[in-house]
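Working through the structure, step by step
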Amino acid sequence: MACICFPDGAPAAHSGERYNFAAGPAMLPPEVLAQIQHELPDWQGSGLSVLEQPFTGAPFKGLMQQVDQDLHELLGIPPNYCVLFMHGGASCQFGLLPLNLLAPGQSADYLETGYWASKAIAEARRHAPLNMVASGAGDGFSAIAPVHEWRLNPQAGYCHITSNETANGLQLRHFPELSVPLVADMSSDFLTRPLPVERFGLIYASAQKNLGVAGLCLLIVRDDLLKAPRAGLPSPFSYALQAEQQSRLCTPPTFALYCAALMLRWIRQQGGLKAMARAGLAKSRLLYQYVDASDLYHCRQRPADRSAVNVCFQLRDQHLLALFLRQAEQTGLLNLQGHAASGGVRASLYNAMPLAGVERLLAFMRDFARRHG
Ligand code: PMP
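Rules used throughout
Residues numbered from 1 in each chain as written. Predicted model: local features only at pLDDT ≥ 70, side-chain atom pairs only at ≥ 80, totals over all residues. Heavy atoms only, no water. Helix = DSSP H or I, 4+ residues; strand = E, 2+ residues; numbered from the N terminus. Rg over C-alpha atoms; globule rule 2.2 N^0.38 Å. Buried < 20%, exposed > 50% of the residue type's maximum accessible area, 1.4 Å probe, protein only. Salt bridge = Lys/Arg side-chain N within 4 Å of Asp/Glu carboxyl O. Near = heavy atom within 4 Å. Polar contact = N/O pair within 3.5 Å; in protein donor to acceptor, adjacent residues only side chain to side chain. Areas by Shrake-Rupley, 256 points an atom, 1.4 Å probe, with all protein chains shown as cover. Nonpolar A, V, L, I, M, F, W, Y, C, P; charged D, E, K, R; others polar. Domains from an automatic or database assignment. Contact = heavy atoms within 4.5 Å. Buried area = accessible area lost by both parts, 1.4 Å probe. Pairing = 2+ DSSP bridges. Axes fitted to C-alpha atoms, helices over the stretch in contact; angles between N-to-C directions. Core = buried A, V, L, I, M, F, W, Y, C linked by side-chain atoms within 4.5 Å. Arc of directions from axis to C-beta. Phe/Tyr/Trp six-rings, centres within 6.5 Å; stacked < 30°, edge-to-face > 60°.

With that settled, consider the overall build of the protein chain. Looking only at helices and strands, one finds 9 helices and 16 strands in the protein chain. Taken over C-alpha atoms, the radius of gyration comes to 21 Å for the protein chain, in line with the 21 Å a tight globule of 373 residues would show. Summarising its shape, the C-alpha atoms of the protein chain cover approximately 65 × 55 × 30 Å along the three principal directions. Expressed as a percentage of its 373 residues, the buried residues of the protein chain come to 57%.

Here it is, written out as structure tokens:
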């Protein structure tokens with residue numbers, strides 16, 4: 001076991017293994033990375049790389065069908081929903097949602113839970129009048145308003161939520177049954193737990209956290225929400241037109257789809273979404289329990305609303321943060337810096353993060369607290 005000496009002279013164990021706690025693009029399971037590397041020059045004996053496959057050819061169409069089918073099976077997606085594969089990340093959907101789902105002049109409801117909900121709101125507001133059902137901005141996004149406090153508009157075209165606030169460390173535990181379509185940005189907790197898909201009108205998620213690599217945004221849309229595109233909307237951005245063309249209206253992000261196929265198989269091999277949820281809760285609980293019991297660290301998020309995916313906490317003495325992050329990096333614990341809007345520390349525990357990574361982080365935090373407490 002190698003030893004690193006910190007500037008303050010304190011030694012720390014370093015097993016040589018590195019753990020990437022980045023919020024996204026995030027770590028991939030080593031098995032998935034190895035498979036990408038192994039089959040990159042020759043995909044399925046075709047003599048060509050997956051990067052060179054025509055998206056209209058039978059092999060790649062088969063891969064897209066497989067991704068669709070795996071998602072249906074893992075999530076139990078009902079038959080009246082379709083899956084769309086789009087470019088442009090979740091940020092692109094912030095503007096495309098009102099353009100696709102609302103009639104001109106119609107308003108939508110939004111729940112403001114943190115940095116990403118605020119982004120979604122700012123963008124949607126450029127296209128439609130919005131009603132805030134509740135906002136956590138007043139208390140610095142440290143809790144999520146319970147459903148009975150939401151000021152819902154029964155005439156709204158949809159109600160938008162952010163199921164997990166990546167930058168603020170908050171997560172919605174329960175999804176309400178509403179009279180208007182529930183629309184969710186699930187970019188950071190998609191495929192980390194089973195979902196009652198039938199409660200949603202639309203779910204969307206960028207792929208680069210739990211479903212592979214950047215470039216792909218996945219949508220699950222209830223059929224009745226697929227409307228003829230409004231004037232001026234470019235065809236590849238129309239949900240209805242993409243659905244008609246099985247997401248091949250333009251060249252889909254083929255490499256990201258290939259990585260998604262590998263990730264879905266990996267998730268199934270690990271035991272599916274219940275297993276992912278169990279592992280996620282176990283990993284995050286270890287961190288929260290330690291932080292709550294410690295004098296050096298603290299977590300300001302209300303316990304009931306804390307994210308199992310992005311664990312955010314502060315050092316009580318803010319002056320120690322830079323040293324904490326530097327020493328963590330030196331022990332192979334990478335990208336623990338909190339989001340620029342929130343500061344502090346953020347440990348992103350997506351599906352690919354093993355328990356061993358969290359245990360290593362805990363050992364480092366204990367050691368750091370011993371030296372600086
Ligand atoms: N929503 C959430 C909850 C996110 O975490 C992110 C990215 N961190 C986004 C939206 C934006 O995703 P993209 O950068 O792919 O547009």
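That covers the picture; the talk isn't over yet.
Before going further, it helps to examine unusual backbone geometry. With omega at -10°, the peptide bond leading from G24 into P25 counts as cis. On the secondary structure map, P25 appears in the loop between β3 (19–20) and α1 (30–39).

The final tally for this structure, using the stated rule, is 10 salt bridges. Within the structure, one salt-bridge network assembled from shared partners comprises D70, E73 and R268.

All right, on to the site of the ligand then. Close contacts around the ligand come from 13 residues, with S91, T166, D185, S206 and K209 the closest. Separating an oxygen atom of the ligand from a backbone N or O atom of A90 is a distance of 3.2 Å. Note that an oxygen atom of the ligand is positioned 2.4 Å from one of the side-chain N or O atoms of T166. Relative to its unbound accessible area of 400 Å², the ligand is 84% covered by the protein chains. Considering every element that reaches the shell around the ligand, the biggest residue donor is helix α3 (residues 89–101), with 4 residues. A breakdown of the residues in the shell around the ligand according to their chemical character gives 3 nonpolar, 8 polar and 2 charged.

With that out of the way, let us pick up the domain arrangement of the protein chain. We note that the domain assignment places domain 1 (37–270) and domain 2 (271–372) within the protein chain. Computed from C-alpha atoms alone, the centre-to-centre distance between domain 1 and domain 2 is 27 Å. Every contact between the two is made by 31 residues of domain 1 and, on the other side, 26 residues of domain 2. Roughly 2300 Å² of surface becomes buried between domain 1 and domain 2 when both sides are summed, with 54% attributable to carbon and sulfur atoms. Where domain 1 packs against domain 2, one counts 0 salt bridges. For the side of domain 1 that touches domain 2, the secondary-structure elements that each account for two or more residues are α2 (58–75), β9 (170–171) and α6 (254–269).

Turning to the sheet that holds strand β14 (residues 310–315), a few remarks are in order. Picture the strands of a sheet paired through backbone hydrogen bonds; they go either parallel or antiparallel. Pairing is antiparallel across the open sheet formed by 3 strands, whose spatial order is β13-β14-β16. Lying at the two open borders of the sheet, with one neighbouring strand each, are β13 (297–298) and β16 (345–348). Summarising the sheet, β13 and β14 pair through 2 bridges and their orientation is antiparallel. When the sheet's bridge partners are listed, Y297 is paired in β14 with L315. Strands β13, β14 and β16 of the sheet are contacted by helix α7 (residues 272–293), whose axis makes an angle of about 20° with β14. Seen against the sheet, helix α8 (residues 321–330) touches β13, β14 and β16 and runs at an angle of roughly 130° to β14.

Below, the discussion takes up the sheet that holds strand β7 (residues 159–162). The strand order β4-β12-β11-β10-β7-β5-β6 describes an open sheet built from 7 strands, whose pairing is mixed. One side of each edge strand has no neighbouring strand; the edge strands of this open sheet are β4 (81–86) and β6 (130–135). Within this sheet the neighbouring strands show an average axis-to-axis angle of 20°, counted without direction. As paired strands, strand β5 (residues 108–112) and β7 are joined by 2 bridges and run parallel to one another. In the strand pairing of β7, Y110 is matched with H160. Across the sheet, α2 is in contact with β4 and β12 (217–222); its angle to β4 comes to roughly 130°.

Let us now look at the nonpolar core. In globular proteins that are soluble, nonpolar side chains generally tend to be buried together. Judged by nonpolar contacts, the single largest core of 58 residues is most densely connected at L71, L75, F190 and I220. The biggest single contributor to this core is α6, with 11 residues. Among the nonpolar cores identified, the runner-up in size contains 33 residues, and L336, V358, F364 and M365 belong to it.

Once that is clear, we can look at the pairing of β4. The buried fraction of β4 is high, at 6 of 6 residues. Burial of β4 is two-sided: the residues Y81, V83 and F85 facing one way and the residues C82, L84 and M86 facing the other way are all buried.

Bringing α1 into the picture now. Taken residue by residue, α1 has V32, I36 and E39 as its buried positions. Down the axis of α1, the sector holding all buried residues measures 90°, keeping them to one side. Turned more than 90 degrees away from the buried face of α1, the exposed residues are P30, Q37 and H38. Considering only its buried residues, α1 is in contact with α6.

Let us now look at the packing of aromatic side chains. One pass over the structure, following the stated rule, counts 14 aromatic pairs. A ring pair is formed by F255 and Y258, whose centres lie 5.9 Å apart and whose planes are at 35°; its orientation type is tilted. With a gap of 3 residues between them, F255 and Y258 both fall in helix α6, about one helical turn apart. Judged by relative accessible area, which is 27%, F255 ranks as partly exposed. Taking the relative accessible area as the measure of exposure, Y258 reaches 1% and is therefore buried. Seen from their ring centres, F313 and F324 are 6.5 Å apart, and the 90° between their planes marks the pair as edge-to-face.

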